[in-house]
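Chain and residue survey
Below are the chains, spelled out letter by letter.
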Amino acid sequence: MHSRHLEVKLRLGFKVFATLTALKIIEYVVGTSINRGAWPYLSMMAVVGAWAILHYFMHIPQLWRRKE
Amino acid sequence: MNMVTSITTDWEDRGAINRVGLWLFILSDSFLFIAIIFTRFYLQGVQRPSELNQLLGFVISVVLLLSSLFAYRGETAAAYGDIRRFRYNILATIGLGSLFLVGVGVEWAEGFRFFPPSTGFGTVFFTLTGFHAFHVFTGILGLLLILLPGQKKRLGEGSYWGVEAMVKYWHFVDVAWVFIFPTLYLVS
């Protein structure tokens, strides 16, 4: 049970990483192919990426939750 | 009786208090990054030199993201008392962080040739990447510290604050890069 729980958490980490990498690829394609006005899309993707790291990797909800 | 209860509660809350302290530190540090990012737009608008190696910027971004994954795995393993997995993952994080620094070094060598620090873009580029690289370097030192043999005796559920703090710091460095990469390499 203990190790199964650990495996679930490790898999979640991999899913978050895969999402972040996909975002980074889209960001790169948008940034290199659109010459003007790409910044709103880039900002949006950066905010989503930062949120994913803050939420899943840094566990920011711990601040307002008693126990995770 | 009340005093005893209060002391026990204080002790239990220590982890939560530590966390708040760390988050306040992270918040204050992020203001410096925000200020330098705004300087980029103030000095240069959205202009960037064509010689900027965007592909290298992209590759080192993925390297840093991957290091964050390993840091997360290391922290999770420490929380479950899996010392072997913790050590491997933190070592991988350190390796990838060092690789990131090498990438920044290559980028700096190119930068000195095409947009030296005396130019507007060079000023922002070297300040921002230099400041960030210093954070990565101190992060590596911190991660090495939690790998010290004496530390592993203290690991296990509810007693891995040192690991948690260092890994959170490492993720913060990653969050900063999530904004720095598009600001320097992609916005045009």
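Scroll up a little and you will see the structure.
Below is a short write-up of the structure. Please read all numbers here as calculations on a predicted model, not as lab measurements. Residue positions within a chain follow its written sequence, with the count starting from 1. Labels are handed out in written order, letters beginning with A for the chains and numbers beginning with 1 for the ligands. Totals for whole chains, interfaces and linings use every residue, but because this is a predicted model, local features are given only for residues with pLDDT of at least 70 and side-chain atom pairs only at 80 or more, for both listing and counting. Only hydrogens and water are set aside when side-chain values are computed; all heavy atoms of the structure are taken into account.

1. Quick look at helix 6 (residues 161–186) of chain B
It helps to recall that an α-helix has 3.6 residues per turn; residues three or four apart then point in one direction. Residue and element names in this part refer to chain B. Secondary structure follows DSSP: runs of H or I at least 4 residues long count as helices, runs of E at least 2 residues long count as strands, and numbering of each begins at the N terminus. To estimate how far a helix should reach, multiply one less than its number of residues by 1.5 Å. The end-to-end C-alpha separation of helix 6 is 37 Å, in line with the 38 Å expected for 26 residues at 1.5 Å each. Think of it this way: the bend at a residue is just the angle between two axes, each fitted to seven residues, one set ending at that residue and the other starting at it. Of all the bends found along helix 6, the most pronounced is centred on Ile180 and spans about 30°, while Pro182, a proline, follows it within four residues. The buried fraction of helix 6 amounts to 23 of the 26 residues, a majority that puts the element mostly inside the structure. Exposure classes here rest on a 1.4 Å probe applied to the protein chains alone. A residue is buried below 20% of its type maximum, exposed above 50%, and partly exposed in between.

2. A short note on helix 4 (residues 120–146) of chain B
With 27 residues, helix 4 of chain B should cover 39 Å at 1.5 Å per step; its first-to-last C-alpha distance of 40 Å lies within 8% of that length. Polar contacts, as used here, are pairs of N or O atoms within 3.5 Å; protein pairs need one atom able to donate a hydrogen and one able to accept it. Residues neighboring in sequence count only if both atoms are side-chain atoms. Two to three positions downstream of the cap, the backbone nitrogen of Gly122(B) sits 3.1 Å from a side-chain oxygen, assigning the N-cap of helix 4 of chain B to Thr119(B).

3. Remarks on the interface of chain A and chain B
The interface of chain A with chain B comprises 38 residues on the first partner and 37 residues on the second. Summing the contributions of chain A and of chain B, the shared interface buries around 3,400 Å²; its carbon and sulfur component is 73%. Summed over the three residues of chain A that lose the most area to chain B, namely Lys24(A), Tyr28(A) and Met58(A), the buried surface amounts to 20% of that side. By salt bridge we mean one thing: a side-chain nitrogen of Lys or Arg within 4 Å of a carboxyl oxygen of Asp or Glu. At the boundary of chain A with chain B, the tally comes to one salt bridge. Its salt-bridge partner being Glu7(A), residue Arg85(B) comes within 3.1 Å of it at the nearest N-O pair. Across the chain A-chain B interface, the total number found is six residue pairs in polar contact (both at pLDDT 80 or more). Counting only elements with at least two residues in the side of chain A that touches chain B, the list comes to helix 1 (2–33) and helix 2 (39–57) of chain A. Among the elements that line the side of chain A that touches chain B, the one with the most residues is helix 1 of chain A, at 18 residues. Any two residues whose heavy atoms approach within 4.5 Å at even a single point are treated as in contact. Summed over both partners, the accessible area (1.4 Å probe) lost when two parts come together is defined as the buried area.

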